[in-house]
Amino acid sequence: MFKKIDISELRFNPFTKIGKEWMLLTGGNMESFNTMTASWGQLGVLWNKNVLTCYIRPNRYTYEFVENGEFFTVSFLGEEYRKALAFCGSHSGRDCNKITETGLTPVELDSCVGFEQADMILVCRKLYSYDMQENNFLTDDGIPAQFFGNDPYHRAYIAEITAVYVKE
């Protein structure tokens, strides 16, 4: 189903992959997990490690799973799963079973949870986190009002990409 590849084999546009196609960010293990759709994130190199940075609001159910674990996954699915991605981004796992509602199939990779429908799954180990704050914005171009309003600011997680899996 999935094969592990070296990260140097990846060939994609991260702006398209994250910002337009979206990703499922999943914390926990097969016994207890939650997933949410994310369209904010970065890929790059920091501290001589290949890293992914993602952002989760503390009121999201997935936050608890990522916060309490050492690892999480990021799963990238094709356009045919856009409805499932939209559902996972607009419903809470506290209120419904996202897996039942979307028909997604969880799979275990490196003691983490990804999804059988994914084309690519990144396994990530948390290295550092910080809380975004309004007083840290350096410009006055309306970002706080546009993206936060009454919602809490995100916690950012910088995580080492420890494994890359692609569909065989």
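See the structure printed just above.
Quick summary incoming for the structure in this document. (Residues numbered from 1 in each chain as written. Predicted model: local features only at pLDDT ≥ 70, side-chain atom pairs only at ≥ 80, totals over all residues. Heavy atoms only, no water.)

1. Comments concerning a nonpolar patch on the surface
Here's step 1: A cluster of nonpolar side chains, contributed by Leu46, Trp47, Tyr128 and Tyr130, occupies part of the molecular surface with about 410 Å² of accessible area.
Here's step 2: Note on placement: Leu46 falls in strand S4 (residues 41-46).
Here's step 3: For Leu46, a relative accessible area of 31% translates into the label partly exposed. (Patch = residues over 30% accessible without salt bridge, like charges linked within 9 Å, V, L, I, M, F, W, Y side chains within 5 Å. Areas by Shrake-Rupley, 256 points an atom, 1.4 Å probe, with all protein chains shown as cover. Salt bridge = Lys/Arg side-chain N within 4 Å of Asp/Glu carboxyl O. Helix = DSSP H or I, 4+ residues; strand = E, 2+ residues; numbered from the N terminus. Buried < 20%, exposed > 50% of the residue type's maximum accessible area, 1.4 Å probe, protein only.)

2. Details of unusual backbone geometry
Here's step 1: Positive phi values are uncommon outside glycine, yet Trp47 reaches one of about 55 degrees.
Here's step 2: Inspection of the secondary structure assignment puts Trp47 in the loop between S4 and strand S5 (49-56).
Here's step 3: Phi at Asn48 takes a positive value of approximately 60 degrees, unusual for a residue other than glycine.
Here's step 4: Structurally, Asn48 can be placed in the loop between S4 and S5.

3. Overview of the pattern of salt bridges
Here's step 1: For the structure on display, the rule yields seven salt bridges.
Here's step 2: A salt bridge links Asp131 to Arg155, with the nearest nitrogen and oxygen atoms 2.6 Å apart. Within this pair, whereas Asp131 is found in strand S9 (residues 118-131), its partner Arg155 is found in strand S10 (residues 155-167), the two being separated by 24 residues in sequence.
Here's step 3: Look at Asp131 and you get partly exposed, because its relative accessible area is 38%.
Here's step 4: On the basis of relative accessible area, Arg155 is assigned to the buried category, the value being 16%.

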